[in-house]
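# Fold and contact review
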Amino acid sequence: MNTVPTIAETVKNAVRTLQAHSESPRLDAELLLAKVLALPRSALIARGNDLIAEPDERAYADMISRRAGGMPVAYLTGIREFWSLPLQVSPAVLVPRPETESLVEHALALLPRDAPCAALDLGTGSGAIALSLAHERPHWAITAVDISAAALEVAARNAEHLKLARIQWRLGNWFDAVPGERFQVIVANPPYLAASDPALATLAAEPAIALAAGPTGLEAFGAIIRQAPRHLHARGWLALEHGITQAQDIAQMLAAHGFDSIRTYPDFSGRPRITLGVHTQH
């Protein structure tokens, strides 16, 4: 006769299953069980001896199986926290990464807190960057662009839930969506993996269009940096998130297209992740 498992036993078994498939098996196991049981994660320890009903056990086993198969936790729970904002996510968008908070931090530092600003977020996905900027600078006029209509639906839903309604969402490829418009700040976290990067195999559940841009991984940066000067006000800033080996290439591209005060900053793990510059030629 099968015994009914407790919460503690269920988590322990799930951790064992996920050990070979996740860098954070316990965290994943707890987040997914909290989702199934509709409990805060902190309650799992206090209720560790509670028994799990069979329907919940089956639902949890399915989630753990999908997580072991490479499905991100955020897609399974439907939520990812970014800049302390709970964002809805789906397979239509890239799961927001903690390192992208560095891009938000440096973009906010480009202008005095009270200065007016028209800002553009290219490749917005879930809206993480645009929504974080809007949350911190309610007086900024923010436009966010994505080539995916499904991604923009996710972003607009997030704006509605977070009551950050002042963002304009535009469908299009980079600057095609903002013809003739200029901004003080442009931010982008474009796809930056090379098409042959082995890391893509582990990211197969996420939209490929948001991850890889071409043979070198620099293609999206080339397109953005070439066109950005026509969409920046005098002394306007372009801030880019990139891969940890790409800072020098991006700095050279920025310099070649009239940008000055070019600097690279590390992410919270100390790796070169954000490069920005101010456009000085008109």
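Residues numbered from 1 in each chain as written. Predicted model: local features only at pLDDT ≥ 70, side-chain atom pairs only at ≥ 80, totals over all residues. Heavy atoms only, no water.

## A look at the layout of surface pockets
Put simply, the second largest pocket is a space of about 530 Å³. Forming the walls of the second largest pocket are 31 residues, and the residues nearest its centre are Gly123, Asp146, Asn189, Pro191 and Ala210. Those elements that place two or more of their residues in the lining of the second largest pocket are α7 (128-136), β4 (141-146), β8 (212-214) and α10 (219-227). Class assignment for the residues of the lining of the second largest pocket results in 19 nonpolar, 9 polar and 3 charged. (1 Å grid on protein atoms, 1.4 Å probe; cavity = no way out; pocket = protein on both sides within 12 Å on 5 of 7 lines; lining within 4 Å. Points joined across faces, edges and corners; volume = space filled by probe spheres on them. Helix = DSSP H or I, 4+ residues; strand = E, 2+ residues; numbered from the N terminus. Nonpolar A, V, L, I, M, F, W, Y, C, P; charged D, E, K, R; others polar.)

## Focus on the environment of leucine 37
In this structure, leucine 37 sits in helix α2 (residues 25-37). Through-space distance from the C-alpha of leucine 37 to that of valine 104 is 34 Å; in sequence the pair is 67 residues apart. Here leucine 37 is in contact with Ile7, Leu44 and Asp56, once residues within four sequence places are set aside. (Contact = heavy atoms within 4.5 Å.)

## Thoughts on the nonpolar core
In this structure, Leu133 and Ile142 are the most contacted members of the largest nonpolar core, which totals 32 residues. Secondary-structure elements contributing two or more residues to this core are β2 (85-88), α6 (100-108), α7, β4, β6 (183-188), β9 (232-241) and β11 (272-279). Dropping the residues within four chain positions of it, leucine 133 is found in contact with Val104, Ala107, Leu108, Trp140, Ile142 and Val187. Within the second largest apolar cluster, 26 residues are counted, among which are Leu122, Ala177, Ile186 and Phe259. (Core = buried A, V, L, I, M, F, W, Y, C linked by side-chain atoms within 4.5 Å. Buried < 20%, exposed > 50% of the residue type's maximum accessible area, 1.4 Å probe, protein only.)

## Here we look at the sheet that holds strand β3 (residues 118-122)
Ordered in space as β5-β4-β3-β6-β9-β11-β10, the 7 strands form an open sheet in which the pairing is mixed. Since the sheet does not close on itself, it has two edges, and those belong to β5 (168-171) and β10 (259-266), each with one partner. When strand polarity is set aside, the average angle formed by the axes of neighbouring strands in this sheet is 15°. As paired strands, β10 and β11 are joined by 6 bridges and run antiparallel to one another. Among the inter-strand pairings, phenylalanine 259 is bridged to a residue of β11, identified as histidine 279. (Pairing = 2+ DSSP bridges. Axes fitted to C-alpha atoms, helices over the stretch in contact; angles between N-to-C directions.)

## Quick word on the pairing of β4
The element β4 is extensively covered by neighbouring structure, given that 5 of its 6 residues are classed as buried. Pairing geometry for β3 and β4, over 5 bridges, is parallel. Bridging from a neighbouring strand, aspartate 121 pairs with alanine 144 of β4. Handedness of the β-α-β unit built from β3, α7 and β4 comes out right-handed. (Right-handed = clockwise from strand over helix to strand, strands pointing away.)

## Considering unusual backbone geometry
Phi at tryptophan 83 takes a positive value of approximately 55°, unusual for a residue other than glycine. You can see tryptophan 83 is positioned in the loop between β1 (79-82) and β2. Classification of tryptophan 83 as buried rests on a relative accessible area of 19%. Phi angles above zero are rare outside glycine, and lysine 163 is one such case at about 55°. Among the structural elements, lysine 163 can be located in the loop between α8 (149-162) and β5.

## Here we look at α6
Counted residue by residue, α6 has 7 buried out of 9 residues, so it is predominantly covered. Buried residues of α6: Thr100, Ser102, Leu103, Val104, His106, Ala107 and Leu108, and no others. Residues of α6 that are buried sit in contact with β1, α7, β6, β9, β10 and β11.

## Looking at the pattern of salt bridges
A full pass over the atoms with the stated rule returns 9 salt bridges. In this structure, the salt-bridge partner of arginine 170 is glutamate 181, at a minimum N-O distance of 2.8 Å. Within this pair, whereas arginine 170 is found in strand β5, its partner glutamate 181 is found in the loop between β5 and β6, the two being separated by 11 residues in sequence. Given a relative accessible area of 25%, glutamate 181 falls into the partly exposed group. Across the salt bridge formed by arginine 271 and aspartate 267, the nearest N and O atoms sit 3.5 Å from each other. Via salt bridges that share partners, Arg26, Glu30 and Arg41 belong to a single interconnected network. (Salt bridge = Lys/Arg side-chain N within 4 Å of Asp/Glu carboxyl O.)

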